[in-house]
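# Topology and contacts: notes
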Amino acid sequence: MMKALLYDAQGRDRLVSLEQGLPPLAEQNLLWVDVAGHGSEDLDRLGRLFGLHPRLLADLKHPKRQIALNNYGDYFELDVVTIPGRAAIAGNKSPSHTKAKLHFIVGRLWLITVHTEEIA
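The following paragraphs examine the structure supplied in this document. Computed from a predicted model, the values in this text were never measured in an experiment. (Residues numbered from 1 in each chain as written. Predicted model: local features only at pLDDT ≥ 70, side-chain atom pairs only at ≥ 80, totals over all residues. Heavy atoms only, no water.)

The next thing to look at is the packing of aromatic side chains. The relation between two aromatic rings is expressed through the spacing of the ring centres and the mutual angle of the planes. Scanning the model with the defined rule gives four aromatic pairs in all. Aromatic side chains Tyr-7 and Trp-32 sit 6.4 Å apart centroid to centroid with 20° between the ring planes, which places their arrangement in the stacked category. Linking Tyr-7 in strand β1 (residues 2-8) with Trp-32 in strand β3 (residues 29-36), this pair joins segments that are 25 residues apart in sequence. Taking relative accessible area as the criterion, Trp-32 reaches 27% and is therefore assigned partly exposed. Between Tyr-72 and Tyr-75 the ring centres are 5.2 Å apart and the planes differ by 15°, which places this aromatic pair in the stacked class. The pair formed by Tyr-72 and Tyr-75 is uniform in burial state, with each residue classed as buried. Feature note: the residues Phe-50, Tyr-72, Tyr-75 and Trp-110 constitute an aromatic cluster, connected by ring pairs. (Phe/Tyr/Trp six-rings, centres within 6.5 Å; stacked < 30°, edge-to-face > 60°. Helix = DSSP H or I, 4+ residues; strand = E, 2+ residues; numbered from the N terminus. Buried < 20%, exposed > 50% of the residue type's maximum accessible area, 1.4 Å probe, protein only.)

If the charged atoms of two oppositely charged side chains come close together, the side chains can form a pair. Evaluation of the coordinates by the stated rule reveals six salt bridges. The partner of Asp-42 in a salt bridge is Arg-45, and the shortest N-O contact between them spans 3.2 Å. Of this pair, Asp-42 and Arg-45 both sit in helix α1 (residues 40-50), three residues apart, which is roughly one turn of that helix. Considered together, Asp-42 and Arg-45 belong to a single accessibility category, that of buried residues. The partner of Lys-61 in a salt bridge is Asp-44, and the shortest N-O contact between them spans 2.6 Å. With Lys-61 in helix α2 (residues 54-61) and Asp-44 in helix α1, the pair connects residues that are 17 residues apart, well separated along the chain. Salt bridges linked by common partners bring Glu-19, Asp-42 and Arg-45 together as one network. (Salt bridge = Lys/Arg side-chain N within 4 Å of Asp/Glu carboxyl O.)

This is how it looks when you write it as structure tokens:
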């Protein structure tokens, strides 16, 4: 599932659709695209929209256990592992759902986050 939010310094933040391509971005904007899951269709669409490197797309579709920091020139990618939320610490969730790998892909006026687990 993919969700795109366009933040505006003037306070006119809004959800946007990427079906017709990227919205126009200016200095006062930040486009945040959040992808829950590693589905090929959403990731391939992101690759086309943002011109993402094929190696990065392959890593997003088949994440490795180690974390990484990669520079792709106009943008960079880093991975982190989230810490358990309060519910997991209190024993309300199974251990397999206490941590998640979170990918950040950061460009000049945009940010993409990709994760397989729900993150509070």
